[in-house]
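# Survey of secondary and tertiary structure
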Amino acid sequence: MNIEDTLIMIPGPVPVVPRILRAMAKPVINHRGEEFADLFGECRALFADMFQTKNDILLLSGSGTSGMEAAVGNLINRDETVVTPVNGKFGERFRDIGRLYGNAVPIESEWGYPIDLDRVAAALEEGADAVAMVHNETSVGMLNPAKEVGKLARKHDALFIMDGITSIGGSEVLVDEWGVDIAILGSQKCIGAPPGFAAVSVSKRAFEKMEDVHTFPYYLDLKAHKKSADKGQTPYTPSIPLFYAVQEALRIAHEEGLPARMQRHAAGAAAVRAAAGAMGIEMFPEPDELSGYSDTVTAMKVPPGIAFDQMKKEMLAHKILIAGGQAHLKGNIFRIGSMGNFGPKDILITIQMLESVLHRHGVVSDFGAGIEAAGSVLAA
Ligand SMILES: *Cc1c(COP(=O)(O)O)cnc(C)c1O
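Quick notes on the rules
Residues numbered from 1 in each chain as written. Predicted model: local features only at pLDDT ≥ 70, side-chain atom pairs only at ≥ 80, totals over all residues. Heavy atoms only, no water. Buried < 20%, exposed > 50% of the residue type's maximum accessible area, 1.4 Å probe, protein only. Helix = DSSP H or I, 4+ residues; strand = E, 2+ residues; numbered from the N terminus. Arc of directions from axis to C-beta. Contact = heavy atoms within 4.5 Å. Domains from an automatic or database assignment. Buried area = accessible area lost by both parts, 1.4 Å probe. Salt bridge = Lys/Arg side-chain N within 4 Å of Asp/Glu carboxyl O. Polar contact = N/O pair within 3.5 Å; in protein donor to acceptor, adjacent residues only side chain to side chain. Nonpolar A, V, L, I, M, F, W, Y, C, P; charged D, E, K, R; others polar. Pairing = 2+ DSSP bridges. Expected span 1.5 Å × (residues − 1). Near = heavy atom within 4 Å. Areas by Shrake-Rupley, 256 points an atom, 1.4 Å probe, with all protein chains shown as cover. Axes fitted to C-alpha atoms, helices over the stretch in contact; angles between N-to-C directions.

## A few points about helix α6 (residues 146-155)
Those residues of α6 not exposed but buried are Ala146, Val149, Gly150, Leu152 and Ala153. Looking down the long axis of α6, one finds its buried residues gathered within 165 degrees of arc, a one-sided arrangement. Of the residues in α6, the exposed ones pointing more than 90 degrees away from the buried face are Lys151 and Lys155. Turning to α6, the residues buried within the fold contact α5 (117-125), β5 (130-134), β8 (159-163) and α7 (175-178). Once α6 finishes, Asp157 follows within two positions and takes phi at roughly 55 degrees, a positive value.

Shown next as structure tokens:
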């Protein structure tokens, strides 16, 4: 397989544009010097704009999960409770991290179905200390009701941790307005940088709580990160090439502007949904009025008449990579990302090729309907 020119339309990692790749070739600098402080400061400021927050931004050399662990691990004691709504794989990850650091109260829905807010409220009523929820559940292509959960957390004086790893920088996320105490972003998703870096926003309330938490991760001690950040540094040696990549990715996002960026992501996902509809492919998630289809990844049922592995193989022969389902959804669903610095042509070529593959297998009969539907959304 030629990895140089395979278009990866999966929900992260996403293709990294040359401008960002080139930024990583800059010289390695002293992480205790002025140049690093400038780089660090610029990233923090641009992230604050993207998160729409006045909270502190801390930057971690670790993938998205490091941000999830930092959030839960710094905010709950062994005898405390974190409510973890689960309707997909990443919700399960919060549940598992919660169990490691304290008590988790999982509020489980079937994957792809809405979170039961009444049960979240009941668990908070019983005195839970925090709630940790995935905003955009990548495994099922669904947006969860962060604003409503934020309100519930406030009402019960609990902390709100939100995985915004595949929403921040792609979908609307209002960290301050929603009362998110710790929000998390991963570099390989909506900002379109390489993997291995996470950004978290931390509220004053969260920092206050950390003073009373006695066992917390060492490398991911957010108090230590905050202390260093105030000097324009990280406590341990950061991944300098990734910081350069992230700086460039943030500059690109800033040049585009957040509203335009959100619009582009929404249009990309809407085009995939329109094409699916026209080809008779069913959506996988079942959002209600408070949740919604994701703007950054579309999860669809594998249509009868073809196996996912076959679809994937034939797409890959044309140098386009699509994603399957995770865990029990393997073979049942497939996912197409509209994430990062993609453009309409990436969506169109993906749909075109998908339609060709499905047509060849007799799965779609009205050849051309999918690409026409996608094209009309993107031209609008
Ligand atoms: C990708 C992703 C993560 C983090 O995964 P890493 O592999 O640690 O970067 C967490 N949550 C969601 C919703 C994701 O999509």
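## Brief notes about the domain arrangement of the chain
Taken domain by domain, the chain consists of domain 1 (3-13 + 258-379) and domain 2 (18-254). Taking only C-alpha atoms into account, the centre of domain 1 sits 27 Å from that of domain 2. Counting residues at the interface gives 30 residues for domain 1, matched by 33 residues for domain 2. Interface of domain 1 and domain 2: buried area, both sides summed, is about 2,500 Å²; carbon and sulfur atoms make up 61% of it. Run the count over domain 1 and domain 2 and you get 0 salt bridges. Between domain 1 and domain 2 we count 10 residue pairs in polar contact (both at pLDDT 80 or more) in total. Elements with a minimum of two residues in the side of domain 1 that touches domain 2: α11 (258-278), β11 (292-293), β12 (297-301) and β15 (333-337). Ranked by residues supplied to the side of domain 1 that touches domain 2, first place goes to α11 with 4 residues. Classifying every residue of the side of domain 1 that touches domain 2 gives 15 nonpolar, 10 polar and 5 charged.

## Details of the pattern of salt bridges
Taken as a whole, this structure holds 22 salt bridges when the rule is applied. Notably, a salt bridge pairs Glu42 with Arg251, separated by 2.6 Å at the nearest N-O pair. In this pair, Glu42 is assigned in helix α2 (residues 34-51) and Arg251 in helix α10 (residues 240-256), connecting sequence segments 209 residues apart. Between Arg154 and Asp181 there is a salt bridge whose closest N-O contact spans 3.5 Å. Of this pair, Arg154 sits in helix α6 while Asp181 sits in the loop between α7 and β9 (182-186), placing them 27 residues apart in sequence. Residue Arg154 is classed as partly exposed on the basis of its relative accessible area of 42%. Among the charged side chains, a salt-bridge network with shared partners connects Arg19, Glu42, Glu248, Arg251 and Glu255.

## Things to note about the sheet that holds strand β14 (residues 323-324)
Strand order in the open sheet formed by 3 strands is β12-β15-β14, with antiparallel pairing between adjacent strands. The two strands at the open ends of the sheet, each matched to only one other strand, are β12 and β14. By the bridge criterion, 5 bridges tie β12 to β15 in an arrangement that is antiparallel. Bridging from a neighbouring strand, Met300 pairs with Phe334 of β15.

## Some points on the pairing of β8
β8 sits mainly inside the fold: 5 of its 5 residues count as buried. Where burial is concerned, the two faces of β8 agree: the one with Leu159, Ile161 and Asp163 and the one with Phe160 and Met162 are both buried. Here β5 runs beside β8; their pairing, made up of 5 bridges, is parallel. Counterpart to Ala132 in the pairing with β8 is Ile161. Judged from the 3 bridges that link them, β8 and β9 form a sheet pairing that is parallel. Its bridge partner being in β9, Ile161 is matched across the sheet by Ile182.

## Looking at helix α4 (residues 89-101)
Side chains three or four residues apart in an α-helix point the same way, a direct result of the helix having 3.6 residues per turn. With 13 residues, α4 should reach 18 Å at 1.5 Å per residue; the first-to-last C-alpha distance of 19 Å fits that figure. Residues of α4 that are buried include every one of Phe90, Gly91, Phe94, Arg95, Ile97, Gly98 and Tyr101, and no others. Each buried residue of α4 lies within a common arc of 165 degrees when the element is viewed along its axis, so the set occupies one face.

## Some points on the site of the ligand
As a structural note, the neighbourhood of the ligand is formed by 14 residues, with Ser63, Thr65, Thr138, Asp163 and Lys189 the closest of them. Taking Ser63, its side chain carries an N or O atom lying 2.5 Å from an oxygen atom of the ligand. Taking Asp163, its side chain carries an N or O atom lying 2.6 Å from a nitrogen atom of the ligand. Taking 380 Å² as the accessible area of the ligand by itself, protein coverage stands at 87%. Mapped by element, the contributors of at least two residues to the shell around the ligand are α3 (64-75) and α4. Ranked by the residues each element gives to the shell around the ligand, the list is headed by α3, at 3 residues. Counted by class, the shell around the ligand contains 4 nonpolar, 7 polar and 3 charged residues.

## Brief notes about the sheet that holds β9
Taken together, 7 strands build an open sheet; the order of strands is β2-β10-β9-β8-β5-β3-β4 and the sheet is mixed. Two strands in the sheet have a free side with no partner beyond their single neighbour: β2 (56-60) and β4 (103-108). Neighbour to neighbour, the strand axes of the sheet diverge by 20 degrees on average, direction disregarded. Across 6 bridges, the pairing between strand β3 (residues 81-86) and β4 is parallel.

## Description of the side chain of Ser139
Relative to the helices and strands, Ser139 resides in the loop between β6 (136-137) and β7 (142-143). Using a relative accessible area of 0% as the deciding quantity, one classes Ser139 as buried. There is a polar contact of 2.9 Å between the side chain of Ser139 and the backbone nitrogen of Lys89. Only 2.7 Å separates the side chain of Ser139 from the side chain of Glu137, close enough to count as a polar contact.

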